[in-house]
Structures are given as structure tokens and as C-alpha cells.
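# Observations on chain architecture
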Amino acid sequence: MTDWRDPAVASRILREFQVWAVVGCSPDPARASHGVSRTLQRHGFEMIPVYPRETLIHGVATVPDLAAAAAARPVDRPIQVVDIFRASHRAGAHVDEAIAIGARAVWMQLDVWDEAAAERAAAAGLLVVMDRCPAIDLPTLGAGPPA
């Protein structure tokens with residue numbers, strides 16, 4: 001059985017990948033996705049907010065979905081990590097999108113769990129973390145993205 005909460009995998013993602021798409025990135029400061037996406041920025045990660053009902057979050061233009069986000073990226077700076085802030089029953093569709101755009105890792109936030117989606121991502125070669133938060137893990141597992 002795979003340990004989808006493995007801190008070693010979380011640390012590797014935090015150390016090796018710089019470009020994060022945050023699915024469900026809310027403009028509402030009371031939402032966890034708002035604070036986590038800001039934390040990613042403050043630690044030097046490039047954060048792409050995926051949110052269809054807004055145009056700007058943290059000074060960054062939003063995109064409606066992962067396909068649009070990937071299409072807008074420079075070839076030499078693809079999306080590497082897809083961070084999912086959606087209910088567990090909706091996470092699988094975003095994992096499939098992450099696979100389709102060639103992401104290197106999928107990070108499902110606290111309380112987001114989809115075993116079948118995690119298995120699909122792992123089978124496609126992606127690193128997978130579920131039920132963890134990069135804002136919590138950054139101080140203990142990784143100092144930030146690679147230079």
C-alpha cells in the first residue's frame with residue numbers, strides 16, 4: 001500500500017519543482033487556498049491561480065482551467081505541480097487534467113483524498129501527495145524551490 005502522505009515525497013516536490021498551478025485558488029482571504037497560494041509565492045514559487053470566476057489573485061492573472069494554464073506557459077517553464085483545493089469527489093478530474101498537461105506532481109490538500117486518482121497519477125509517472133499542505137510542510141520539509 002502506498003503512503004500518499006509520505007513526507008519524503010512532499011519534501012522532494014518542494015525542493016525540485018518551481019511552477020505550481022493552484023486549482024481552486026480563491027480570491028477570498030478567508031479561504032485556505034488564498035493563504036497557501038500566497039505562501040507559495042512568498043517562498044519563491046511561481047504560482048498560477050486556476051479559478052474561473054476571477055481575473056486576478058495575488059497580482060497574477062487567473063486561468064479558467066489547467067488546459068488554458070498549460071497553453072499559456074512558455075515551453076521552458078511548464079506547470080510542474082498541480083495543487084488541488086477541491087472536494088475529494090472532484091479531485092480526480094483535476095488529476096486527469098494534470099496528467100494530460102504533463103505535470104510532474106499532484107498535491108491534494110488537507111482532507112482531499114482520491115485513491116483511484118492517486119493511482120492513475122502514479123501510474124503516469126507523477127509524484128503524488130494527498131492530505132498534506134505545502135504551507136505547513138515548507139518550514140520543516142523544504143526551504144523553497146530550486147534556483
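As a reminder, the structure under discussion sits directly above these lines.
The following refers to the structure shown.

Reading the values: rules and limits
- Going along each chain's sequence as written, the residues are numbered from 1 onward.
- Residue-level local features of this predicted model are given only where pLDDT is at least 70; pairs of side-chain atoms are given and counted only at 80 or more, and the full residue set underlies all totals for whole chains, interfaces and linings.
- With hydrogens and water excluded, all non-hydrogen atoms of the structure serve as input to the side-chain values.
- We call a residue buried when its accessible area falls under 20% of the maximum for its residue type, exposed when it is over 50%, and partly exposed in between, using a 1.4 Å probe and counting protein chains only.
- Strands are runs of DSSP state E lasting at least two residues, helices are runs of H or I lasting at least four, and both sets are numbered from the N terminus onward.
- For two strands to count as paired, DSSP must find a minimum of two bridges between them.
- Orient the strands so they point away from the viewer; a crossover is then right-handed if the path from the first strand over the helix to the second runs clockwise.
- Among buried residues, those of type Ala, Val, Leu, Ile, Met, Phe, Trp, Tyr and Cys that are joined through side-chain atoms within 4.5 Å constitute a nonpolar core.
- Whether two residues touch is decided by their heavy atoms; if any such pair falls within 4.5 Å, the residues are in contact.
- Convention adopted: a line fitted to C-alpha atoms gives each axis, helices being fitted over their contacting stretch, and angles between N-to-C directions are expressed from 0 to 180 degrees.
- Orientation labels follow simple angle bins: below 35 degrees gives roughly parallel, above 145 gives roughly antiparallel, 65 to 115 gives roughly perpendicular, and whatever is left gives oblique.
- Only Asp, Glu, Lys and Arg are considered charged, only Ala, Val, Leu, Ile, Met, Phe, Trp, Tyr, Cys and Pro nonpolar, and every remaining residue, Gly among them, polar.

## Remarks on the pairing of strand β2 (residues 46-50)
Walk down a regular strand and you will see the side chains alternate between the two sheet faces. Counting buried positions along β2 gives 4 out of 5 residues, so the element sits mostly inside the fold. Where strand β1 (residues 19-23) lies against β2, 5 bridges are found, and the strand directions are parallel. Bridged to V23 within β2 is V50. The handedness of the β1 to β2 crossover, carried by helix α2 (residues 32-42), is right-handed.

## Here we look at the nonpolar core
Side chains of a nonpolar character, in soluble globular proteins, are inclined to be buried together. Membership of the largest hydrophobic core comes to 25 residues, with the highest contact counts inside it found for I48, V82, I84, V95, V106, M108 and V128. Secondary-structure elements contributing two or more residues to this core are β1, β2, α3 (66-71), β5 (81-84), α4 (88-101), β6 (105-108) and α5 (115-123). Excluding residues that lie within four positions of it along the chain, V128 makes contacts with W4, V9, V106, M108, A118, A121 and A122. By size, the runner-up hydrophobic cluster in this structure holds 21 residues, among which are F17, F45, Y51 and W107.

## A few points about the packing of α4 against α5
At a closest axis distance of 9 Å, the pairing of α4 and α5 adopts a crossing angle of 5 degrees. With respect to their mutual orientation, α4 and α5 come out roughly parallel. Along the contact surface, α4 presents G92, V95, D96 and I99, while α5 presents A117, R120 and A121. Considered class by class, the residues forming the contact of α4 with α5 number 4 nonpolar, 1 polar and 2 charged.

## Brief notes about the side chain of R132
Summarising the element assignment, R132 is placed in the loop between β7 (127-129) and α6 (134-141). Among all residues touching R132, those that are not within four sequence positions of it are R5, D6, P7, A10, W107, M108, Q109, L110, D137 and L141.

So far we have only geometry, and geometry alone does not tell us how the molecule works.
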